[in-house]
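Spelled out, the chains give:
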Amino acid sequence: MKTKIKLIVLAAAQKAFEKGLLPSDQIPDMEIEEPKHNLQGDFSSNFAMVSAGLQKMAPRKIAENIVSNIEPQDYIEKIEVAGPGFINFFLSNCAWYPVVDQVLEQDKSFGASNMGAGQKVQVEFVSANPTGPLHVGHGRGAAVGDAVGNILSFAGFDVQKEYYINDSGRQIRTLGTSVWLRLLEMEGKEIIFPEDCYKGAYIKDLARNLIEKEGKNFSNQDEETAISLCAKFAADKILGGIKSDLSEFGVTFDNWFSEQSLYDSNRVQKAIEDFTARDLIYEEEGALWFRTEDFGDEKNRVVVRNNGLTTYFASDIAYHGHKYERGFDRVIDVWGADHHGYIKRIDAAVVASGTKSEQFEVILVQLVNLLRGGKPVQMSTRSGEFVTLKDIVDEVGMDAARFMFLSRSYDSGLEFDLELAKQKNSDNPVYYVQYVHARITGILLKARDEGLVEQIEFQKGEQLEMLTAPEEIKLIKLLAGFGEQVEKSADTLHPHVIFTYLMSLASAFHGYYNKYKVITDDKAVSKARLSLVLAVKKVIRNGLYLLGVSAPERM
RNA sequence: GCGCCUGUAGCUCAGCUGGAUAGAGCAACGGACUUCUAAUCCGUAGGUCGCAGGUUCGAAUCCUGCCAGGCGCACCA
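Residues numbered from 1 in each chain as written. Chains lettered and ligands numbered in written order. Predicted model: local features only at pLDDT ≥ 70, side-chain atom pairs only at ≥ 80, totals over all residues. Heavy atoms only, no water.

(A) Region of the structure containing the overall build of chain A. Within chain A, the secondary structure is distributed over 21 helices and 15 strands. Judged by the C-alpha coordinates and their principal axes, chain A covers about 90 × 60 × 40 Å. Counting only residues that meet the buried cut, chain A has 51% of its 555 residues in that class. Pairs at least 24 apart in sequence give 72% of the contacts found in chain A among residues at least 6 apart. (Helix = DSSP H or I, 4+ residues; strand = E, 2+ residues; numbered from the N terminus. Buried < 20%, exposed > 50% of the residue type's maximum accessible area, 1.4 Å probe, protein only. Contact = heavy atoms within 4.5 Å.)

Okay, structure coming up:
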């Protein structure tokens, strides 16, 4: 509809120019937008204002010349010039009816777009070290990454969701040591538990599991062997837990990528050699440094320490290089905001490997403040005790948790109130939206029982011209705008755009529902309203799907 | 000190790729169920868009400088 209006304006501008009413046929960047107030029409063009300088003419005068040259259309009721020179279009109701049929026909693909044109995109998210269970922050990252993936895919991108497993290096060894020490402790030995070891209660559980599995005499082994066995056992176990927690959270990955595999295939080594050969890496004080400064970083970064061990950054260089080798045009990493200092150096690695900086994007997800009834939930990093993602999903449910995580822009910190997320009323946005879906199903079931419709699903609207109430037209307009919101969400990589959209659609529906009966004595009106309401149901479902939230038939 | 994010109603936040009278939810107050699900709706009230400049027909939105809060600034991951 927007593009239609735009073409009309352009045609009128051309005509006005030919008639000599406009001095120039230059067309500036103009916008067709939906005004906030109904009095200002359904669509509005700022053409006159943005071309004022070009035409050397007063905006209102330009607007009038445009309006007088617009071909009349049956779906346009009137056109006005208003304010500083807006051209406002008022559409007749019949302009909107086709939207209902589009929704019903296109069904699950309504709102989809081809803006991505099949471009290959990888979204990497969560990627938590397998050294402990996922916590709240990971939950937000998981919800965001998963939703961004869904949205990009719906917008026509070829998306792969990936989890990077840091299954190599020092933190895994530390994990092994932690478990080993707890194990010795359980067997009555005196131990000193170092500061840098993992302190959570889950470490003791792992030690216990290991004793059960391997028997009592495990501690007699040579320490080195024991620690690496502990590490392997613990990492596998924890990763298994992470996978199952994520799947209970409704998050699935297309690929789990192992850091260790980069070493096994010599990719890390090759990356270092390649950069060294190109003088991007130099030696100083026994360590190898990558000249990230040359790419805009504050200082150069170590890739191999003077003890010969590679840093995490070294495998990250190889990892990101490998992503592009796998054919991704765009790579999106979802990180916690506390990692922002890392962006420049990865960007340096990407650019040094011959990829354009624009092909690498980082979504920084701000921190989550966990509350219970408005009061902060105590989380002690010292003792290693924290509220896990699993705790939250168990307590409030997957749908409520996901919806809450996606309710705000990830650029802002998030207050997550467990009490609020559990409430089953309008305070809790997830039920507000899901309720629309369930309510409509109820209506459709009743309509079927009364013989008004054969099935609760159908592909063609009926008697749509009976939809004349302003609330009905407003609903259709909202449906018509879904695709644009999907594109905006995909373009900005911000899933909360979909959240906001769903809230306004739900609000419009609930208002309508309370004011009008869908099933009335008038058969034609009932059929029209059933068509509209089914369309609303489908769009709600499509939107919820993008956020990874279920659309229940009954509540 | 440097970098990233944030500052909008009492609270939590939308709006920020510039548009007309800045929106929603909660909290407050007053209403609506013999009705397709009240997990809902309707109404009232609530604002120097952190502060100061600048850009222009027009700034919550863009630029600069302050102020405040969060998070980072390792041969850690």
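(B) Highlighting the pairing of strand E4 (residues 86-91). When you tally the buried positions in E4, you get 5 out of 6 residues, the bulk of the element. In this sheet, E4 lies alongside strand E2 (residues 43-45) in antiparallel orientation, the contact comprising 3 bridges. Bridged to Ser45 within E4 is Ile87. In sequence, strand E3 (residues 76-82) turns back onto E4 through a hairpin of 3 residues, with Gly83 there showing a positive phi of about 55°. (Pairing = 2+ DSSP bridges.)

(C) Layout of the pattern of salt bridges. Applying the stated criterion to the full structure yields 32 salt bridges. Here Asp101 ties to Lys460 by a salt bridge, and the two come within 3.1 Å at their closest N and O atoms. Note that Asp101 is positioned in helix H5 (residues 97-106) and Lys460 in the loop between helix H17 (429-449) and helix H18 (470-480), a separation of 359 residues in sequence. The class for Asp101 is buried, based on a relative accessible area of 12%. A salt bridge links Arg372 to Glu419, with the nearest nitrogen and oxygen atoms 3.4 Å apart. Of this pair, Arg372 sits in strand E13 (residues 368-372) while Glu419 sits in helix H16 (residues 418-422), placing them 47 residues apart in sequence. (Salt bridge = Lys/Arg side-chain N within 4 Å of Asp/Glu carboxyl O.)

(D) Region of interest: the protein's contact with RNA strand B. Around RNA strand B, the surrounding shell holds 65 residues, and the nearest of these are Arg305, His340, Asp411, Tyr435 and Tyr516. At the protein interface, 64% of the atoms of RNA strand B within 4 Å belong to sugar or phosphate. Interatomic distance of 2.4 Å between a side-chain N/O atom of Arg305 and a phosphate oxygen of RNA strand B. In this structure, a base oxygen belonging to RNA strand B sits 2.7 Å away from a main-chain N or O atom of Asn306. Listing elements by their share of the surface near RNA strand B, those giving two or more residues are helix H2 (47-50), E4, helix H7 (170-186), strand E9 (287-290), H17 and helix H20 (496-515). Among the elements that line the surface near RNA strand B, the one with the most residues is H17, at 8 residues. Looking at side-chain class alone, the surface near RNA strand B contains 24 nonpolar, 23 polar and 18 charged residues. (Near = heavy atom within 4 Å. Polar contact = N/O pair within 3.5 Å; in protein donor to acceptor, adjacent residues only side chain to side chain. Nonpolar A, V, L, I, M, F, W, Y, C, P; charged D, E, K, R; others polar.)

(E) Layout of the packing of H18 against H20. At their nearest, the axes of H18 and H20 sit 10 Å apart, and the two run at 160° to each other. As the angle between them shows, H18 and H20 are arranged roughly antiparallel. Here the hand of the crossing between H18 and H20 comes out left-handed. Between H18 and H20, the contacting residues are Glu471, Glu472, Lys474, Leu475, Leu478 and Leu479 on the first element and Tyr501, Ser504, Leu505, Ala508, Phe509, Tyr512 and Lys515 on the second. (Axes fitted to C-alpha atoms, helices over the stretch in contact; angles between N-to-C directions. Parallel < 35°, antiparallel > 145°, perpendicular 65-115°, else oblique. Left-handed = near helix turned anticlockwise from the far one by under 90°.)

(F) Region of the structure containing the pairing of strand E12 (residues 360-365). Sheet analysis places strand E11 (residues 330-336) next to E12, joined by 6 bridges and oriented parallel. Within the sheet, the bridge partner assigned to Asp333 lies in E12 and is Val362. Running through helix H13 (residues 343-352), the crossover from E11 to the neighbouring parallel element E12 is right-handed. (Right-handed = clockwise from strand over helix to strand, strands pointing away.)

(G) Quick look at the nonpolar core. Membership of the largest hydrophobic core comes to 147 residues, with the highest contact counts inside it found for Ile66, Phe89, Leu152, Phe405, Phe416 and Val536. In terms of residues, this core owes the most to one element, helix H21 (residues 523-547), which gives 12 residues. Counting residues in hydrophobic clusters, the runner-up holds 29 residues, among them Ala271, Phe290, Val303 and Val304. (Core = buried A, V, L, I, M, F, W, Y, C linked by side-chain atoms within 4.5 Å.)

(H) Focus on the packing of aromatic side chains. In this structure the tally under the stated criterion is 21 aromatic pairs. Between the aromatic rings of Phe275 and Phe290, the centroid separation amounts to 5.0 Å while the plane-to-plane angle is 50°, which identifies the pairing as tilted. Here Phe290 lies in strand E9 and Phe275 lies in helix H11 (residues 267-277), a separation of 15 residues in the sequence. Here the two residues Phe275 and Phe290 agree in accessibility, since each one is buried. A centroid spacing of 6.2 Å and a plane angle of 85° characterise the contact between Phe313 and Tyr342, whose relative ring orientation is edge-to-face. Here the residue Phe313 occupies a position in helix H12 (residues 312-325), and Tyr342 occupies one in the loop between E11 and H13, the gap between them amounting to 29 residues. Comparing Phe313 with Tyr342, the two get one shared label, buried. (Phe/Tyr/Trp six-rings, centres within 6.5 Å; stacked < 30°, edge-to-face > 60°.)

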